[in-house]
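The residues making up each chain are set out below.
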Amino acid sequence: MKYIDEFRDGALARNLATAIAAEADPGRTYHLMEFCGGHTHAISRYGIADLLPTSVRMIHGPGCPVCVLPIGRVDLAIELALKQRVILATYGDCLRVPASNGLSLLKAKARGGDVRMVYSPADALKLAQAHPDREVVFFAIGFETTTPPTALVIKEAARLALANFSVVCNHVLTPAAITNILESPEVRQLGTLALDGFIGPAHVSTIIGSQPYEFFAEEYRKPVVIAGFEPLDVMQAILMLVRQINQGRAEVENEFTRAVTREGSVKAQALVSEVFELRRSFEWRGLGEVPYSALRIRQPFAAFDAERRFNLETRSVADNKACECGAILRGVRHPRDCKVFGTLCTPESPIGSCMVSSEGACAAHYSFGRFREIAVVVAVA
Ligand code: SF4
C-alpha cells in the first residue's frame, strides 16, 4: 500500500540503524522523548529500540489521550450514565479506563448504564437524532487531532437545534504538555530527567503545523523533529535528532513532509477556535493541573456543553497507589519499573490507564516488548 509499505522496508531500516550507530557518539547518551503514543506504539511494535545503539535512549511522553485522562473526568462520564441516565457515547478505549470505586465505563454499562461505543462524534450525533426522547452525551477526548470533528458536530447540533445532545469536552493541547515537562522539577531542578530532543507528533502536527514547536527549539534549546508513525519515519527522525545534537543545533525539522506543513490546517484551526476556548487549567493524569492546557465549549454553544447542562463538577482523585502511570507519563519511569506490570496489571485487567490503549506505554511494552518474549520463554520452559 502506498505510503505504508515503503516506510516499513526492512533493508532500509537496517541502513538507517547503521547510519544512527555510525553518527551517534558512543561517549555520550542521547535522551530523546517521543511525545506521542502513536510513536510509542511504533517503537515497541517494530522493535525500533532494539535497532538503536545503547547511547540512544527513547523516553515515552504523555501523548496518549486515554492515558492522560484523570480519574475524576472518567467519574463524570460514569455519573452521567448511572445517575443522569443519559446515553453516554465515547470511543472504545475510554470504556476500560479505571475510575473510582473499581468502576470503569464498561462496568457502569454492566450495572445498567446506557454506554455506547462510537467510532466518531458523528455517530454520537446520529444517536441523538435516533433517540429524541433521551439525552445523549458525547464524552470527547483527545489532542488537537480529534478536536475538529468534535467542533463540527457541535456546530451541526446547533444548526439542527438538537435539544438532546451535549458534549463533555476533554480535549487537551500538546504544546502546553511539552512546556509542562520542560518546566518540571525533574528537568529544571533535580536533573533526574535528561531530555536532549523530541520526536514531534504526526497527526497532531497535521492540524497545528510545525510552527508551535519553534518555541521549544528557541527558548529551551531542544531540537524537535516531527515524524510520521511508520517505523522508517521514526528511525529517520532519530537520525535527524542525533545529527542536530551532534552539530549543536536546536531547530524544528519536519520528517513528515507528506502530511505536515509549517502552518498546519488553517481551516481546522478556525473551526476549533470558533467552538472552543482555552480553559484556565485542566488536570492531566501524571502532570497534575496544567495551565491553559485544554479546551472548553464557548458561550455561544453553551447549550451543548454537558458540564453546564448537568451542572457537573470534576473532583480530583488520586491514582491507584500501585500504579506508576503518572511517573511514566512524565518520562521519569519505565513500564517495567512498575511492580504490578504484567502480573496484576495486564491489558485484559488494567489497573492504570497506560495499560488500556494500544498507545499507552505499558500496553505497548506488554504487547510487543521484551516482557512478552520472556513470558513466552518461561511458558515454554
Ligand atoms: S503496569 Fe499498570 S499499574 Fe503499572 S504503571 Fe502501567 S498501567 Fe499503571
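Use the structure listed above.
For the coordinates displayed, the defined rule picks out 1 disulfide. Cys-94 takes part in no disulfide bond, and the closest cysteine sulfur to it belongs to Cys-64, at a distance of 9.9 Å. Since its relative accessible area comes to 1%, Cys-94 is described here as buried.

Read from one edge to the other, the open sheet built from 5 strands follows the order β2-β1-β7-β8-β9, with strand pairing classed as parallel. The outermost strands of the open sheet, each flanked by one partner alone, are β2 (56-63) and β9 (252-254). Here the strands of the sheet are splayed against their neighbours by 25° on average, with no regard to which way each runs. Pairing between strand β8 (residues 224-226) and β9: 3 bridges, direction parallel. Along β9, the bridge assignment pairs Val-224 with Val-252.

All right, on to the pattern of salt bridges then. Applying the stated criterion across every chain yields a total of 23 salt bridges. Residue Arg-308 pairs with Asp-305 through a salt bridge whose shortest N-O separation is 3.2 Å. A relative accessible area of 33% means that Arg-308 is categorised as partly exposed. The class of Asp-305 is buried, set by a relative accessible area of 5%. Residue Arg-333 pairs with Glu-324 through a salt bridge whose shortest N-O separation is 2.7 Å. Sharing partners across several salt bridges, the network here consists of Arg-73, Arg-279 and Glu-307.

Moving on, we get to the pairing of strand β3 (residues 87-90). Side-chain direction in a regular strand flips from residue to residue, so the side chains alternate between the two faces of the sheet. Going residue by residue along β3, you find Ile-87 and Ala-89 tucked away on one face and Leu-88 and Thr-90 tucked away on the opposite face as well. Pairing analysis gives 4 bridges linking β3 to strand β4 (residues 114-117), with the strands arranged parallel. Across the sheet, Thr-90 pairs through a bridge with Met-117, a residue of β4. In the sheet, β3 pairs with strand β5 (residues 136-142) via 3 bridges, with the strands oriented parallel. The residue bridging Leu-88 from the neighbouring strand is Val-137, located in β5.

Conventions and cut-offs
Residues numbered from 1 in each chain as written. Predicted model: local features only at pLDDT ≥ 70, side-chain atom pairs only at ≥ 80, totals over all residues. Heavy atoms only, no water. Disulfide = S-S within 2.5 Å. Buried < 20%, exposed > 50% of the residue type's maximum accessible area, 1.4 Å probe, protein only. Pairing = 2+ DSSP bridges. Helix = DSSP H or I, 4+ residues; strand = E, 2+ residues; numbered from the N terminus. Axes fitted to C-alpha atoms, helices over the stretch in contact; angles between N-to-C directions. Salt bridge = Lys/Arg side-chain N within 4 Å of Asp/Glu carboxyl O.

Remember, this is a structural readout, not a statement about activity or role.
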